[in-house]
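Coordinate inspection notes
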Amino acid sequence: MFLNKNFQEILDFLPDPTLAINREGRVIAWNKAIEEMTETPRSLVLGKGDYIYGYVFYKTNRPMLVDLVIQGGKEFEKMYDNIDYQGSSIVGRIYVENFRGEGPAYLWGKAAPIRDEAGNVVGAIESIRDITLQRLTESILQETETKYMALFDSAGDAIFLIKDHKIIDCNKSAEAMFLMPRGKLIGKGIEDLSPEIQSNGETTQKVLRDIISQTGERNRLTFEMLHARSDGTEFHAEVTLST
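As the structure is a computational prediction, the values presented were derived from the model and not from experiment.

What to know about the overall build of the chain
Helix and strand counts for the chain come out as 9 helices and 10 strands. Here the chain has a C-alpha radius of gyration of 30 Å; the compact-globule value for 243 residues is 18 Å, and the former is much larger. Seen through its C-alpha atoms, the chain measures out along the principal axes to roughly 85 × 40 × 35 Å. Across the 243 residues that make up the chain, the buried fraction comes to 37%. Restricting to contacts in the chain with at least 6 residues of sequence separation, those with at least 24 account for 35%. If you sum the accessible surface of the chain, you get close to 14600 Å²; carbon and sulfur atoms cover 51% of it.

This is the structure in structure tokens:
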């Protein structure tokens, strides 16, 4: 079974590298995008079985997601870093040590069954993407976030992250200063960490309104404010607001 000319033309129009096999594991479609990705013309793989497509990608005749669609089997799943079943489709990611002789790569694939008019599975189709750059970007962002959180938590000063006048995160120094765990601090407003009346006799609400109005005109504002710990003890602290 080969895909008809019209369907092959549709596959060639797709930007994602795509292949299809029949139930016997023979290649019935190999679009232009996958020719470019693998530098392998379809004439070398069409009609061939024995996991020829696996050899093209991994230099060893091994199954891919299309085989998992047709045959199933936990042994196939173990070949991928992760597998996600989405209805009749299967999505997987895999790390390749040396892709096309150009070094390591991360590949993403999605496969689904091909059915005949009676609904019987007669083959499977798989699209593949090189997501190496995406994974590297994710790793860099994760590393940056890890370093930021380490600095954030190790800072000697209490630090709060505030959105819409509510605390959305804080560091360990903030927990120690207010004798309150992070889970209880999150969701509170600054006014909840201060007595009702400030040292100048004004209400905390009014003082905060005045401060917020000034912050709108500047990127950074430093002031002193009276606060209260969870045990009721009050203390003065210098506060810096940055937007």
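On we go from here.
Remarks on the environment of G87
Checked against the element boundaries, G87 lands in the loop between strand 3 (82–86) and strand 4 (89–96). Spatially, the C-alpha atoms of G87 and A112 are 9.2 Å apart, while their sequence positions differ by 25 residues.

Brief notes about the pairing of strand 6 (residues 121–130)
Bridge count between strand 1 (residues 18–22) and strand 6: 5 bridges; the pairing is antiparallel. Paired with A20 across the strands is I125, a residue of strand 6. Bridge analysis of strand 5 (residues 105–115) against strand 6 gives 9 bridges, and the strand direction is antiparallel. Following the sheet pairing, R115 is matched in strand 6 by V121. Where strand 5 folds back on strand 6, the antiparallel hairpin that results is connected by 5 residues, among which G119 adopts a positive phi of roughly 90°.

As for the packing of aromatic side chains
Throughout the structure, instances matching the rule amount to 7 aromatic pairs. A centroid spacing of 5.7 Å and a plane angle of 25° characterise the contact between Y148 and F152, whose relative ring orientation is stacked. In this pair, Y148 and F152 both sit in helix 6 (residues 132–154), 4 residues apart, roughly one turn of the helix. Stacked on the ring of W108, the Lys or Arg R129 has its end atom at 4.6 Å from the ring centre. We note R229 situated over the ring of F235; from NZ or CZ to the ring centre the distance is 4.2 Å.

Focus: the sheet that holds strand 1
With respect to topology, 6 strands assemble into an open sheet ordered 2-1-6-5-4-3, the strand pairing being antiparallel. Of all the strands in the sheet, just strand 2 (27–30) and strand 3 have a single pairing partner and so form its edges. Adjacent strand axes in the sheet meet at a mean angle of 20°, parallel and antiparallel pairs treated alike.

Brief notes about the confidence of the model for the chain
Low-pLDDT stretches of the model should not have their predicted coordinates read in fine detail. Here the chain shows a mean pLDDT of 88. Residues at 70 or above account for 96%. The secondary structure element of the chain with the lowest average pLDDT is helix 1 (residues 5–13), at 77, and the one with the highest is strand 1, at 95.

Points about empty space enclosed by the protein
In this structure the tally under the stated criterion is 1 cavity of 30 Å³ or more. In this structure, the largest cavity occupies an estimated 50 Å³ of space. Residue lining of the largest cavity: F57, Y58, M64, L65, Y80, I94, L107, W108, G109, E126 and I128, and that is the complete set. Listed by contribution, the elements that provide at least two residues to the lining of the largest cavity are helix 3 (52–58), strand 5 and strand 6. It is strand 5 that contributes the most residues to the lining of the largest cavity, 3 residues altogether. Looking at side-chain class alone, the lining of the largest cavity contains 9 nonpolar, 1 polar and 1 charged residues.

Concerning the environment of F235
Checked against the element boundaries, F235 lands in strand 10 (residues 234–242). In this structure the C-alpha to C-alpha distance between F235 and S194, which are 41 residues apart in sequence, comes to 9.1 Å. Those residues in contact with F235 that lie beyond four places of it in its chain are M177, F178, M225, L226, H227, A228 and R229.

Examining unusual backbone geometry
The backbone of Y51 sits at a positive phi, close to 55°, despite the residue not being glycine. Inspection of the secondary structure puts Y51 in the loop between helix 2 (32–38) and helix 3. The residue H165 is not glycine, and still its phi comes out positive at about 70°. As for its placement among the helices and strands, H165 is situated in the loop between strand 7 (160–163) and strand 8 (166–170).

What counts and what doesn't
- Residues numbered from 1 in each chain as written.
- Predicted model: local features only at pLDDT ≥ 70, side-chain atom pairs only at ≥ 80, totals over all residues.
- Heavy atoms only, no water.
- Helix = DSSP H or I, 4+ residues; strand = E, 2+ residues; numbered from the N terminus.
- Rg over C-alpha atoms; globule rule 2.2 N^0.38 Å.
- Buried < 20%, exposed > 50% of the residue type's maximum accessible area, 1.4 Å probe, protein only.
- Contact = heavy atoms within 4.5 Å.
- Areas by Shrake-Rupley, 256 points an atom, 1.4 Å probe, with all protein chains shown as cover.
- Pairing = 2+ DSSP bridges.
- Phe/Tyr/Trp six-rings, centres within 6.5 Å; stacked < 30°, edge-to-face > 60°.
- Lys NZ or Arg CZ within 6 Å of the ring centre and 35° of its normal.
- Axes fitted to C-alpha atoms, helices over the stretch in contact; angles between N-to-C directions.
- pLDDT = per-residue confidence, 0-100.
- 1 Å grid on protein atoms, 1.4 Å probe; cavity = no way out; pocket = protein on both sides within 12 Å on 5 of 7 lines; lining within 4 Å.
- Points joined across faces, edges and corners; volume = space filled by probe spheres on them.
- Nonpolar A, V, L, I, M, F, W, Y, C, P; charged D, E, K, R; others polar.

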